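Given next are the chains, with one letter for each unit.
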Amino acid sequence: MQPEKPRKKKRRRKKHFFLNLILVILLSAGVIGFLNTSFFDIQQIKVSGNSYYTSEQVLDLAKAKTGGNLFRTKLSSWKDRLLQDPYIKTVKISRRLPDTVKIAVKERAEYAAIPYSDSYVIIDRDALVLRQSEVAPAVPILIGFTLSNIEPGTALKVEENGILTKTMKLLKYTEKNEVYFKKIEVSPVTVRAYIYDSLVCEGTPANMMENMDGLREVIYDLYTKGIERGTITIGADDYFSFSPDIE
């Protein structure tokens, strides 16, 4: 028997290649057609990580709706719209077969507020402007700043930038040490921090931060004695003095 001619082998390989290619195309078309059926229409959108906004509000911000195809819906546009809101810090959106989209958000929290005209400018712990409110929020009120930028979603700008930096650092120290101030009045040298409406701590931000343990003990001692009025003066090297008077 004579060996098969090379030309016939080449034609056979070419024929097999085209048959395999047609099979792949048909299978791909079948898969694409299946993925576009109503079986993969979005039936559920689950929201997690939110506390300031309700799940319904998150969906409204994203303009997210059920009914669209899970694979053809442009989820990146949902994410872009959410990130335009100052309260939304990060967004992660994922698909879950066959009909669910999960939206995981991380929100910025209200941390402090600064009076501005007849309202309050509310900022997060990084001094990013969240919103303006006519109602005083349940966060420390910072008094003594001249605001130059209050655009939501941007960094707060004040003329006393160095003092703002020190004040925000002081707030983080108090939070860490479980000492909470209702209001802080700032000046170029000292701050007056209100524990109650009539109980004030007075000193430099540096002295307050260095002596936070001692301050917490003094506040607790006054609390056990039922004293809610007076001035606690804080100096260097754990110096404290108390006067029942308040300016």
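You'll find the structure just up there.
Per chain, residues are indexed from 1 in the order of the written sequence. Where totals are concerned, whole chains, interfaces and linings use all residues; where local detail is concerned, this predicted model gives features only for residues with pLDDT of at least 70, and gives and counts side-chain atom pairs only at 80 or more. Processing note: side-chain calculations cover all non-hydrogen atoms of the structure and skip hydrogens and water entirely.

Enquirer: I'd like a description of helix H6 (residues 212–224), backed by residues and values.
Expert: End to end, H6 covers 18 Å across 13 residues, agreeing with the expected 18 Å (1.5 Å per residue, within 8%). Within the sequence span of H6, burial applies to Met212, Gly214, Leu215, Ile219 and Leu222. Seen from one end, H6 has its buried residues packed into an arc of 155°, which puts them on one side. Exposed residues on H6 whose side chains face more than 90 degrees from its buried face are Glu217 and Tyr220. Of the surrounding secondary structure, the elements contacted by the buried residues of H6 are helix H4 (161–176), strand S11 (191–196), strand S12 (199–203), helix H5 (205–210), strand S13 (230–234) and strand S14 (240–243). Runs of E in the DSSP output that reach at least two residues are strands. Runs of H or I that reach at least four are helices, and both are numbered from the N terminus. Positive backbone phi, at 75°, marks Gly226, one or two positions downstream of H6. A helix is expected to span 1.5 Å multiplied by its residue count minus one. Exposure categories follow from relative accessible area, calculated using a 1.4 Å probe and restricted to protein chains: below 20% of the type maximum is buried, above 50% is exposed, and the middle band is partly exposed. By definition, the arc is the one covered by directions from the helix axis to the C-beta atoms. It only takes one pair of heavy atoms within 4.5 Å for two residues to be counted as in contact.

Enquirer: Before we move on, could you go through the sheet that holds strand S3 (residues 100–107) and cite the residues and values that matter?
Expert: Being paired, for any two strands, means DSSP has found at least two bridges between them. Taken in spatial order, the 3 strands line up as S1-S3-S2 in an open sheet, and their pairing is mixed. The open sheet terminates on both sides in strands that have one partner only, identified here as strand S1 (44–48) and strand S2 (88–96). Within the sheet, the average angular offset between the axes of one strand and its neighbour, ignoring direction, is 15°. Relative to S3, S1 runs parallel, the two being bridged by 5 bridges. Counted as the bridge partner of Ile45 is Val101 from S3. Axis lines are fitted through C-alpha atoms, for helices just across the contact stretch, and the angle between N-to-C directions can take any value from 0 to 180 degrees.

Enquirer: Run through unusual backbone geometry, naming residues and quoting values.
Expert: For the bond running from Leu97 to Pro98, omega is 5°, close enough to zero to count as cis. Within the secondary structure, Pro98 is located in the loop between S2 and S3. In this structure, Glu178 takes a positive phi of about 55° despite not being glycine. Residue position: Glu178 is located in the loop between H4 and strand S10 (183–186). Look at Asp237: it is not a glycine, yet its phi comes out positive at around 55°. Within the element layout of this structure, Asp237 appears in the loop between S13 and S14. Taking the relative accessible area as the measure of exposure, Asp237 reaches 73% and is therefore exposed.

Enquirer: Before we move on, could you go through the pattern of salt bridges and cite the residues and values that matter?
Expert: Salt bridges are counted wherever a side-chain nitrogen of Lys or Arg sits within 4 Å of a carboxyl oxygen of Asp or Glu. Taken as a whole, this structure holds 9 salt bridges when the rule is applied. The salt bridge partner of Lys182 is Asp197, with a shortest N-O separation of 2.9 Å. You can see Lys182 sitting in the loop between H4 and S10 and its partner Asp197 sitting in the loop between S11 and S12, a full 15 residues away along the chain. As a salt-bridge pair, Lys183 and Glu185 come within 4.0 Å of each other at their nearest N and O atoms. Overall, Lys183 belongs to the partly exposed group, its relative accessible area being 26%. Bridged by salt links that share partners, the residues Lys183, Glu185, Arg192 and Glu202 form one connected network.

Enquirer: Pulling in residues and values, what's your account of the packing of aromatic side chains?
Expert: For this analysis, a ring pair means two rings from Phe, Tyr or Trp (six-membered ring only for Trp) whose centres lie within 6.5 Å, classed as stacked if their planes differ by under 30 degrees, edge-to-face if by over 60, and tilted for the remaining angles. On inspection of all chains with the given rule, the structure shows 3 aromatic pairs. Ring centres 3.8 Å apart and planes at 0° place the aromatic pair Tyr52 and Tyr87 in the stacked group. A residue pair is termed long-range when its members are at least 10 positions apart, and Tyr52 in the loop between S1 and helix H2 (55–62) and Tyr87 in the loop between helix H3 (75–83) and S2 qualify at 35 residues. Residue class for Tyr52 comes out partly exposed when judged on its relative accessible area of 36%. With 5.9 Å between their ring centres and 70° between their planes, Tyr53 and Tyr87 make a pair best called edge-to-face. Residue Tyr53 is found in the loop between S1 and H2, and its partner Tyr87 is found in the loop between H3 and S2; the two are separated by 34 residues along the sequence. Every member of this aromatic cluster is reached through a ring pair, and the members are Tyr52, Tyr53 and Tyr87.

Enquirer: Describe the environment of Ile93, with residues and values.
Expert: For Ile93, the location among the structural elements is in strand S2. Residues Ile93 and Trp78, spaced 15 residues apart in sequence, show a C-alpha to C-alpha distance of 8.4 Å. When sequence neighbours within four positions are dropped, the list of residues in contact with Ile93 reads Leu75, Trp78, Lys79, Val101, Lys102 and Ile103.

Enquirer: Any chance you could break down the packing of H2 against H3 for me, citing the residues and the numbers?
Expert: Where H2 contacts H3, the two axes come as close as 7 Å, and the packing angle between them is 110°. Judged by the inter-axis angle, H2 sits roughly perpendicular to H3. For the pair H2 and H3, the contacting residues are Val58, Leu61 and Ala62 in the first and Trp78, Arg81 and Leu82 in the second. We call Asp, Glu, Lys and Arg charged. Ala, Val, Leu, Ile, Met, Phe, Trp, Tyr, Cys and Pro are nonpolar, and the rest, Gly among them, are polar. Broken down by class, the residue content of the contact of H2 with H3 amounts to 5 nonpolar, no polar and 1 charged. For this classification, under 35 degrees means roughly parallel, over 145 means roughly antiparallel, 65 to 115 means roughly perpendicular, and everything else is oblique.

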